[in-house]
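# What the coordinates show
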Amino acid sequence: SYYLQIGAFQTEEEADNLKAKLALQGFEAVVQTATIPDKGVWHRVRVGPLNDLEQINSTKSELAKNGFKADLIKVNTNNQ
């Protein structure tokens, strides 16, 4: 499955703020916390999971219309 990552922050507060902004625009986002070697803990703000190209493209387009830049992230569900 795929996610559109809108941002990554070192503080949970910044991530939650972006998640709230997305919610106000009608996007359901999740905050995924990850420890990155040599960089510490990061809080990723992502919309998804998305399963097909049409859904990915339409969501990315809607995000862009609302001023959000999104990067496509492939998630290996076996490792979560």
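I will try to describe carefully the structure that is included in this document. (Residues numbered from 1 in each chain as written. Predicted model: local features only at pLDDT ≥ 70, side-chain atom pairs only at ≥ 80, totals over all residues. Heavy atoms only, no water.)

### Brief notes about the side chain of Gln32
Inspection of the secondary structure assignment puts Gln32 in strand β2 (residues 29–36). A distance of 2.8 Å separates the side chain of Gln32 from the side chain of Arg46, its partner in a polar contact. (Helix = DSSP H or I, 4+ residues; strand = E, 2+ residues; numbered from the N terminus. Polar contact = N/O pair within 3.5 Å; in protein donor to acceptor, adjacent residues only side chain to side chain.)

### Focus: the nonpolar core
Most often, soluble globular proteins have nonpolar side chains that are buried together. The biggest cluster of nonpolar side chains holds 14 residues, and the ones touching the most others in it are Leu4, Ile6, Leu18, Leu22, Val45, Leu63 and Phe68. Counting residues per element, the ones that place at least two in this core are β1 (2–9), α1 (12–24), β3 (40–50) and α2 (53–65). Not counting residues up to four positions away in its chain, the partners in contact with Leu22 are Ile6, Phe27, Ala29, Val45, Leu63 and Phe68. (Core = buried A, V, L, I, M, F, W, Y, C linked by side-chain atoms within 4.5 Å. Buried < 20%, exposed > 50% of the residue type's maximum accessible area, 1.4 Å probe, protein only. Contact = heavy atoms within 4.5 Å.)

### Let's talk about the sheet that holds strand β4 (residues 71–74)
Spatially, the four strands line up as an open sheet ordered β2-β3-β1-β4, and their pairing is antiparallel. Since the sheet does not close on itself, it has two edges, and those belong to β2 and β4, each with one partner. Going from strand to strand, the sheet's axes swing by 45 degrees on average, the running direction of each strand aside. Pairing between β2 and β3: eight bridges, direction antiparallel. Its bridge partner being in β3, Ala34 is matched across the sheet by Trp42. Across the sheet, α2 touches β1, β3 and β4, and the angle it forms with β1 is around 30 degrees. (Pairing = 2+ DSSP bridges. Axes fitted to C-alpha atoms, helices over the stretch in contact; angles between N-to-C directions.)

### Quick look at the pairing of β1
With six bridges connecting them, β1 and β3 associate as antiparallel partners. Opposite Ala8, over in β3, you have Arg44 as the bridge partner. As judged from the four bridges shared by β1 and β4, these two strands associate in the antiparallel manner. The residue of β4 that forms the bridge with Tyr3 is Ile73.

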